[in-house]
Amino acid sequence: MPEGRIAVIGAGPAGLEAARLAADLGAQVTLIEKNDSMGGMPIQANYAALTHGFRSAEEAMGEMISAVAEHPNVDILTGTTVTAMSGSAPEFSLTLSGGESLDAGSIIVATGFRHFDPGRETQQYGYYEFPDVITLADAESMLKEKNFVRPSNGEPPERVAFIQCVGSRDRQIGNEFCSKVCCGISSKQAIEIREQVPDARVFIFYIDMRMYGYWENEIYWPAQEKHKVNYVKGIVTEILQKGDKLVVRGEDTTMGRPMEVAMDIVVLAVGMEPSQGTRDMAGILGLGTNKYGFIEQDHNSLDTVATSVPGVFAVGAARGPADLDDSIATAGAAAAKAVAFVSAGVLA
Amino acid sequence: MSREVSPKVDPTAVLEIEHLTLEGMDISGHWNRMFDQRVITDYDISQLDRVTDLDGGESMGWCYQCAQCIAVCPVDHVGSYGPRKLYRKLQVGVDLFTDPDLWLCTTCANCLRVCPKEVDMLQIAPAIRKEAVLAGNVPAELQDVFEKTARYGNPLGKNAKRRAAWTRDLDVEVPVISEVGRKVDVLWWVSDYPSYHPRGIDASKALASVLAHLGVDFAILGAEERHDGDSMLRAGESGLFEMLAEQNIETLGKYEFDVLLTTDPHAYNAFLHEYPARGGEYNVVHYTQYLAERIEEMGLDQSIDLNITFHDPCYLGRHNGEYEAPRRLIEAQPGAEFTEMWRSWENGSCCGGGGGGMWLDGHAAENQSMRLSEKRVLEAVETGADTLCVVCPYEVSRFEDAVKSTNNDDALQVLDIAELLAQAMGLASAG
């Protein structure tokens, strides 16, 4: 039997999976979540269907939450944060926001990401200026309610544009990385829009479509071939208001021509940044981070979950942009390693 | 059918002055770079929808702009055209049903060969053209050929009764099957150009001699044969194709034969892929395939001192996978040297005659910098070969015209493989 408790910080998809698996392997687990409810970003941000299987986010996360909530080996602390850590592996001592302390043999950090705020650095897309300029997360909420309309007037849109790579792949903003999931999520949302508002035409303006693996044939191709979503290479430079329409301006690069096209809704495909929780935990636990604030991974070690602190593992989007498959996979790896660590006292 | 002209260009106001200098800088020829690019102000997707809604047009909407088609599209070699570009034009609202681009595809299949998304111009172009034909938006020269073919059964508008006239004055007998009154081993589907065109007739005479010398029990249909219809189908006249197919299947049904021998790869393609679904199933072979099995019996003992290059017909090679039979025949010629063109086998460049291109010479001249046949002849000359060997009856006349128009009369002759074989067999009627 594993000795020593495993603390999992964050109850999103990765944290829930890590807690469940570690508990299944016989460990005692404490799952710490700062919000009052579990489920992480898919629940907090009202995701509609998950990428890439189109499963209801509420339903899929509900199953994960139940598995943990009903597990005899898991203690759940919601509305709780970690405020300090002392000791070292395998005898960590965490101080919690209520003042109590928690002894743990190993810690799994699953504190995730936040959506890039398109008004944070530049205002070129007028997110805080034009009501009909929204983000992927805003669009998710409307799609979940099956009420995809122009926020300005409540009317269904005739033309919808997605602009890719907002807040990603940008040296000026400081996020030079690709956020990995936005191409797929935009395409998934485009399909949902075409299904919910069949008269709406949907355009995706992109630099490169990064539909890795099966997202290519399971999302991108059906979006284009079956749902007739239009992909145009060249992202929009700016959005201007003209009458009651938004005009997206840029270059249509494969035509080699300037482009100024009226739209009803523009969806900004915002990328990922480390969440405040990830930044806080990196500081409190003393974990190395990269220049973007994600928890650093030693790319040469082929260890997908190790951190700079032995006995502390990082999973999911706390490590960098990740899709759900990545998050669940790293959670599984960390759970197994944490159990091995507390069982044998092995320094990973 | 004319292209949209930007209102910013008044052609009469454009002056091209040789060595125009401005502040010491020679700006001759720079005027045409000084216009503003037209701004795309709308993506009128209705035009793309019109195409993808057609039966056969669906895959036009699958293009993800990888552009592999452009490098192998023969029309792009002499202009600016290709499936990737068509897709974008449709996305910005160009009406392809009335655009000159509609008639540029020769259905050569080189784009489909390389397309990762299987955007199928072989389905798309005929589907759109069918609608244009129904609407009467067809280049006049092609419409004329449709009408001639409907009336006379051949695109040349020749007298159907004189289809077998070429067999007279031959020193071998070319029996007409209706007069034979029994089953034959081989029914030779001669096709139109080999029956009527002077250079096609040369090849037919040579092939008749070769078959007779081999002792083949063969016959032709003579006046009962009609155009196979394949190119009419690709050019959008599916009604005409159906009529021809029905007539030809009925005619063939009257006779007994083991092998249907075709001169024309387009006919070969139709018999292989279109006629069976309409009740016409035959043991069809192209004449190069038939002869390649009989090289030993041919007695190729006359040395021919030629450097030969070979043009793969699209409908024999890419469409039907036969590349080796003609090459085996060329390589069996004693004394001949064989040099491949740089675009050959699967990447053979089109002569421009397929998909109705045979009858769109004026349209091609208006929309391309040169004919595809001329481009191909230049490639043949580039190899250093003195003889361009062909195995498709569209090609002898196309390439001979191109040899003349590119001033290569002294450099290159165009010969059907049957003419070469007859020479090597020492047959009197050769060439």
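Rules of the game
- Residues numbered from 1 in each chain as written.
- Chains lettered and ligands numbered in written order.
- Predicted model: local features only at pLDDT ≥ 70, side-chain atom pairs only at ≥ 80, totals over all residues.
- Helix = DSSP H or I, 4+ residues; strand = E, 2+ residues; numbered from the N terminus.
- Rg over C-alpha atoms; globule rule 2.2 N^0.38 Å.
- Buried ≥ 20, exposed ≤ 12 C-beta atoms within 10 Å, placed from the backbone.
- Contact = placed C-beta atoms within 7 Å.
- Pairing = 2+ DSSP bridges.
- Axes fitted to C-alpha atoms, helices over the stretch in contact; angles between N-to-C directions.
- Nonpolar A, V, L, I, M, F, W, Y, C, P; charged D, E, K, R; others polar.
- Core = buried A, V, L, I, M, F, W, Y, C linked by C-beta atoms within 7 Å.

**Focus: the overall build of chain B**
1) Next: Of the regular secondary structure elements, chain B holds 19 helices and 10 strands.
2) Next: Relative to the 2.2 N^0.38 estimate, which gives 22 Å for 431 residues, the radius of gyration of chain B is 23 Å and therefore close to what a compact globule would have.
3) Next: Along the three orthogonal principal directions, the C-alpha set of chain B runs to about 80 × 50 × 40 Å.
4) Next: By the burial criterion, 50% of the 431 residues in chain B qualify as buried.
5) Next: Look at the contacts in chain B between residues 6 or more apart in sequence, and 78% of them connect residues 24 or more apart.

**Some remarks on the overall build of chain A**
1) Next: The number of helices and strands found in chain A is eight helices and 18 strands.
2) Next: Within chain A, counting contacts between residues at least 6 apart in sequence, those at least 24 apart form 67% of the total.

**Structural notes on the pairing of strand β16 (residues 265-270) of chain A**
Residues and elements named next belong to chain A.
1) Next: In terms of burial, β16 is a largely internal element, six of the six residues being buried.
2) Next: Burial along β16 is two-sided: the face carrying I265, V267 and A269 and the face carrying V266, L268 and V270 are both buried.
3) Next: For strand β9 (residues 133-135) and β16, the ladder comprises three bridges, and the chain directions are parallel. Paired with I134 across the two strands is V267, which belongs to β16.
4) Next: Sheet topology note: the strand β10 (residues 159-166)/β16 ladder contains five bridges and is parallel. Residue pairing across strands places A161 opposite V266, the latter belonging to β16.

**Some points on the sheet that holds strand β2 (residues 29-32) of chain A**
What links the strands of a sheet is backbone hydrogen bonding, and the strands pair in either a parallel or an antiparallel sense.
Residues and elements named next belong to chain A.
1) Next: Pairing within the open sheet is parallel, and its five strands lie in the order β3-β2-β1-β7-β18. Looking at the sheet topology across the chains shown, the edges are occupied by β3 (74-77) and β18 (312-314). Recorded for the sheet is a direction-independent mean angle of 20° between the axes of neighbouring strands.
2) Next: In this structure, strand β1 (residues 6-9) lies alongside β2, joined through four bridges in parallel fashion. Residue pairing for β2: I6 is matched across the bridge by V29.
3) Next: Where helix α8 (residues 324-344) meets the sheet, its contacts fall on β1, β7 (106-109) and β18, and the angle it forms with β7 comes to roughly 165°.

**Examining the interface of chain A and chain B**
1) Next: With 16 residues of chain A at the contact, the number on the chain B side is 15 residues.
2) Next: Listed by contribution, the elements that provide at least two residues to the side of chain A that touches chain B are β11 (201-206), α6 (215-225), β12 (230-233) and β15 (257-263) of chain A.
3) Next: When residues of the side of chain A that touches chain B are assigned to their parent elements, the largest contribution, five residues, is made by β15 of chain A.
4) Next: The residue inventory of the side of chain A that touches chain B, partitioned by class, reads six nonpolar, three polar and seven charged.

**Quick look at the nonpolar core**
All names here are of chain A.
1) Next: A18, I108 and V109 are the most contacted members of the largest nonpolar core, which totals 233 residues.
2) Next: A total of nine residues in this core trace back to one element, the largest contributor, which is α8.
3) Next: With residues up to four places along the chain from it excluded, the contact list for V109 reads I9, G10, M281, L285, I295, V312, F313, A314 and A318.

**Re the environment of V92 of chain B**
1) Next: By the element assignment, V92 of chain B lies in the loop between α3 (83-91) and α4 (110-114).
2) Next: For the pair V92 of chain B and D42 of chain B, spaced 50 residues apart in sequence, the C-alpha separation works out to 6.6 Å.
3) Next: What V92 of chain B contacts, discounting residues up to four positions off in sequence, is M255 of chain A together with I40 and Y43 of chain B.

**Overview of the sheet that holds strand β9 (residues 387-390) of chain B**
Residue and element names in this part refer to chain B.
1) Next: The strand order β8-β7-β9-β10 describes an open sheet built from four strands, whose pairing is parallel. Unpaired on one side and paired on the other, β8 (337-338) and β10 (413-416) mark the two borders of the sheet.
2) Next: The pairing of β9 with β10 spans four bridges and is parallel. Residue pairing for β10: L388 is matched across the bridge by V414.
3) Next: In this fold helix α15 (residues 324-331) packs onto β7 (307-310), β8 and β9, with an angle of close to 175° to the strand it touches most, β7.
4) Next: Contacts from helix α18 (residues 395-405) reach β9 and β10, with the element oriented near 175° to β10.

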